[in-house]
Amino acid sequence: MADGEKTIAALRERFPDAVISSSSFRGQHWAEVKAERIAEIGRWLKDDPAAAYDVLLDVSAVHWPDDPQPMEVVYHFFSLARNDRLRLKVRIGDRGPVPTLARIWASANWNERETYDMFGIVFLGHPDPRRILMPDDYTDHPLRKELPLYRG
Amino acid sequence: MSQQGFERSEEHPDIITVNMGPSHPATHGVLRIVLKLDGETVVKAVPHIGYLHRGMEKIAENRTYLQFLPYTDRMDYLAPLAANVGFCLAVEELLGIEVPPRCQAIRVLCCELARIGAHLVWLGTHALDMGAATVFFHTFRDREWHYDLVEDLTGARLTTSYTRVGGVTHDADRKWLDDLRRFVDEFPRRVDEYESLLTKNAIWIKRTQGVGVIRSEDALSHGMTGPSLRAAGIEYDLRKTRPYSGYQNYDFEIPTGTEGDVYDRYLVRIEEMRQSARIMDQALRAMPEGPVNIDDPKIFLPEKKKVLTSMEELIHQFMIVTEGFECPSGEVYHSTEAPKGELGFYIISTGGRAPYRLRIRSPSFNNISTLPILVEGGLIADVIASIASLDPVLGEVDR
């Protein structure tokens, strides 16, 4: 099973200027797209019958501090009808911003809150931009690489 | 406005705000919900989580893969075996290895035993919350039986850490398989017993039917998975859609509901327990012989006997324990059907002995985010029915 392969080809056709690169490992395909286009692409992924990704399984991020665009937000989509998964990534500066997907999938609300909480990435237009796991008065974002595991 | 406790707002003097949890017997852990009430009707519910956040994803970046395994015990602490299997499968996917058939069968037994154990806690506490205390005694009696089996197999009730990348710690012996056989044969009768207390019980039906309803579109949009999603009519089970550990070889059904209410979630989980016993029955009948781990001294710990007698094995053991094993550079997302739903591990490796980043997609996190839909517009007394029917485990929500 080659997860996401067909959709990435369709994405390249539909949004030729938004797909930056694509790659795969162990049969799982992913593509990097332009951050500012993610909401538009998300809408298409959900609504187009050929894509039909009715579930946004997960939103998370990876911090690459040495890269010029250090933050990478990763989305995992799932299509129930086609039993297909798709992984999309966007690269952004230290704090973002990235357009929110919370208006397309309700699950993005909490997942983006967690991504903000853990990395400090701002999601534009998020309906409830609060921390979710850490206390409200906490000042750091624990999953950023510059934060050590212990502060002794 | 303070959300600490009971207060009245100036503009809407009839609306009062009530704080529930994080330390409340009906929240099944440290879940906190701020409820706005108009009389007994819930106008708004805001869940607050994070009280059990231990930073597991951060810890994972600073541990070898093997060292992280015990942390998976402490996510869904009602079904540690299922998380052990899920994590090892993800790392094995990253490594591109597959475990021998006997190991797969033992892992299936573990997953289904974990499912039964988790569902027994859910059923007992759910009924107890509703005032049906008898059920609790029945399910916790049988849960002890299940725990005896878990302990006999792994040496621990909760902190099992039984699987290893590339296998399991040790084989299941004949005696344990015989003990499990007795459990599997008897257990469906026990499920009938629980059902005789609840399924046609007029009070139970009144408290659960039409309560905490979620439509399938809302459930999907919130990323709900597991029995709660299936009760809303969506037949999605990773054991069927993306079989792992040989689930495709077993004959079992995926129970679904139609209404998406508390009662349907109850029926789905009850039937799942029977199906789990059915899967275990088949796994026991067709238990393959052979090794329970891969033969790769760079990844899997060598046999203890050999470590004590041979220099080479001693070195392998030393390397794996002190430094861990090397993983290729790449990234995988692998998920399994845990008792609560889709438990996914997204591992990003840049090579080396620890993940660069490990993301845990926990089912309870998404499931509990639907709580406002379930309870808003309903009665405050039904809030606890809704929470119990979602079966959240806060260790997994917060990680």
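What counts and how
- Residues numbered from 1 in each chain as written.
- Chains lettered and ligands numbered in written order.
- Predicted model: local features only at pLDDT ≥ 70, side-chain atom pairs only at ≥ 80, totals over all residues.
- Helix = DSSP H or I, 4+ residues; strand = E, 2+ residues; numbered from the N terminus.
- Rg over C-alpha atoms; globule rule 2.2 N^0.38 Å.
- Buried ≥ 20, exposed ≤ 12 C-beta atoms within 10 Å, placed from the backbone.
- Contact = placed C-beta atoms within 7 Å.
- Pairing = 2+ DSSP bridges.
- Expected span 1.5 Å × (residues − 1).
- Axes fitted to C-alpha atoms, helices over the stretch in contact; angles between N-to-C directions.
- Parallel < 35°, antiparallel > 145°, perpendicular 65-115°, else oblique.
- Left-handed = near helix turned anticlockwise from the far one by under 90°.
- Nonpolar A, V, L, I, M, F, W, Y, C, P; charged D, E, K, R; others polar.
- pLDDT = per-residue confidence, 0-100.

Enquirer: Can you explain the overall build of chain A? Please cite residues and give values.
Expert: Within chain A one finds three helices and seven strands. Ordered by position from the N terminus, the helices and strands of chain A form the series α-β-β-α-β-β-β-β-α-β. Over its C-alpha trace chain A gives a radius of gyration of 16 Å, about what one expects of a compact globule, namely 15 Å for 152 residues. In terms of overall dimensions, chain A has C-alpha extents of about 50 × 30 × 25 Å along its principal axes. Across the 152 residues of chain A, 48% fall into the buried class. Partitioning the intrachain contacts of chain A with sequence separation of at least 6 by distance along the chain shows that 53% fall at a separation of at least 24.

Enquirer: Residue-level account of the overall build of chain B, with values.
Expert: Along the backbone of chain B there are 17 helices and nine strands. Its C-alpha atoms give chain B a radius of gyration of 22 Å, near enough to 21 Å, the size a compact globule of 399 residues would have. Counting every position in chain B, which comprises 399 residues, the buried fraction comes to 52%.

Enquirer: How would you summarise the pairing of strand S7 (residues 327-338) of chain B if you had to cite specific residues and measurements?
Expert: Residues and elements named next belong to chain B. For S7, a buried count of nine out of 12 residues is recorded, marking the element as mostly surrounded by other parts of the structure. Summarising the sheet, S7 and strand S8 (residues 341-352) pair through 11 bridges and their orientation is antiparallel. What sits directly across from Gly-330, in S8, is Ser-349.

Enquirer: How would you summarise helix H3 (residues 107-119) of chain A if you had to cite specific residues and measurements?
Expert: Taking 1.5 Å per residue as the helical rise, H3 of chain A with its 13 residues ought to reach 18 Å, and the 18 Å between its terminal C-alpha atoms agrees with that figure. Burial of H3 of chain A is extensive: 13 of the 13 residues sit out of reach of the surface.

Enquirer: Explain the packing of helix H4 (residues 101-129) of chain B against helix H16 (residues 380-390) of chain B to me, and be specific about the residues and the numbers.
Expert: All names here are of chain B. Interaxial distance between H4 and H16 falls to 9 Å at its minimum, and their mutual angle equals 180°. Of the possible angle classes, the one that applies to H4 and H16 is roughly antiparallel. Listed contacts from H16 to Thr-125, His-126 and Asp-129 of H4 are Ile-384, Ala-385, Ala-388 and Ser-389.

Enquirer: Explain the interface of chain A and chain B residue by residue, including any values.
Expert: If you look at the interface, chain A gives 24 residues, while chain B gives 31 residues. For the side of chain A that touches chain B, the elements supplying multiple residues, two or more each, are strand S3 (55-63) and H3 of chain A. Among the elements that take part in the side of chain A that touches chain B, S3 of chain A stands out by supplying six residues, more than any other.

Enquirer: Describe in detail the sheet that holds strand S9 (residues 357-361) of chain B, supporting the description with residues and values.
Expert: Residues and elements named next belong to chain B. Reading across the sheet, the three strands line up as S7-S8-S9 and stay open at both edges, with antiparallel pairing between neighbours. What marks the edges here is a single partner per strand, and that holds for S7 and S9. When strand polarity is set aside, the average angle formed by the axes of neighbouring strands in this sheet is 5°. With five bridges joining them, S8 and S9 adopt antiparallel strand pairing. What sits directly across from Gly-344, in S9, is Arg-361. In the packing of helix H3 (residues 80-95) onto the sheet, contacts are made with S7 and S8, and the angle to S7 comes to roughly 145°.

Enquirer: Report on the sheet that holds strand S4 (residues 71-79) of chain A, specifying residues and quantitative values.
Expert: Residues and elements named next belong to chain A. Across the sheet, which stays open at both edges, the five strands sit in the order S1-S2-S5-S4-S3 with mixed pairing between neighbours. The strands lining the two open edges of the sheet, one partner per strand, are strand S1 (19-25) and S3. Between one strand and the next, the sheet's axes are offset by a mean angle of 20°, whatever the strand orientation. In this structure, S3 lies alongside S4, joined through eight bridges in antiparallel fashion. Counterpart to Val-59 in the pairing with S4 is Tyr-75. Its contacts with the sheet put helix H1 (residues 5-14) on S1, strand S2 (28-33) and strand S5 (84-92), and the angle it makes with S2 is roughly 25°.

Enquirer: So what about the packing of helix H5 (residues 133-154) of chain B against helix H6 (residues 174-198) of chain B? Which residues, and what values?
Expert: Residue and element names in this part refer to chain B. Remark: H5 packs on H6, axes separated minimally by 11 Å, with the N-to-C direction vectors making an angle of 165°. Between H5 and H6, the crossing angle belongs to the class labelled roughly antiparallel. Viewed along their axes, H5 and H6 form a crossing whose handedness is left-handed. Together, Thr-134, Val-135, His-138, Thr-139, Asp-142, Trp-145, Leu-149, Asp-152 and Leu-153 of H5 and Trp-176, Asp-179, Leu-180, Phe-183, Arg-190, Glu-193, Tyr-194, Leu-197 and Leu-198 of H6 make up the contact between the two elements. Grouping the constituent residues of the contact of H5 with H6 by class yields 10 nonpolar, three polar and five charged.

Enquirer: Mind laying out the pairing of S8 of chain B, listing which residues take part and the relevant values?
Expert: In regular strands, side chains alternate between the two faces of the sheet. Residue and element names in this part refer to chain B. Most of S8 sits out of view: nine of its 12 residues are buried. Linking S7 back to S8 in an antiparallel pair, the connection comprises two residues. Taking the residues that link successive antiparallel strands as the turn, the S8-S9 hairpin has four residues.

Enquirer: Give a description of H16 of chain B that names residues and reports values.
Expert: Residues and elements named next belong to chain B. Extensive coverage of H16 is indicated by the burial of nine of its 11 residues. Turning to H16, its buried residues number three or more, namely Asp-382, Val-383, Ile-384, Ala-385, Ser-386, Ile-387, Ala-388, Ser-389 and Leu-390. Directly beyond the C-terminal end of H16, a positive phi value near 55° is found at Asp-391.

Enquirer: Can you explain the environment of Ser-369 of chain B? Please cite residues and give values.
Expert: Here Ser-369 of chain B lies in the loop between helix H14 (363-368) and helix H15 (371-375). Considering only alpha carbons, one finds Ser-369 of chain B and Pro-47 of chain B, 322 residues apart in sequence, at a separation of 7.6 Å. Apart from residues no more than four positions distant in its own chain, Ser-369 of chain B is found in contact with Ser-107 and Trp-110 of chain A together with His-222 of chain B.

Enquirer: Give a description of the confidence of the model for chain B that names residues and reports values.
Expert: All names here are of chain B. When the pLDDT values of chain B are averaged, the result is 90; 98% of them are 70 or greater. Across residues 1-6, confidence stays below pLDDT 50; counting only partners more than four residues off in sequence or on other chains, it has nine contacts. Across the whole predicted complex the pTM is 0.89, and at the interface the ipTM reaches 0.91.

Enquirer: Tell me about the environment of Ala-51 of chain A, residues and numbers included.
Expert: All names here are of chain A. Examined against the element boundaries, Ala-51 turns out to sit in the loop between helix H2 (38-47) and S3. Among the residues examined, Ala-51 registers 22 C-beta atoms within 10 Å and is labelled buried. For the pair formed by Ala-51 and Leu-11, sequence separation is 40 residues and the distance between their alpha carbons is 9.5 Å.

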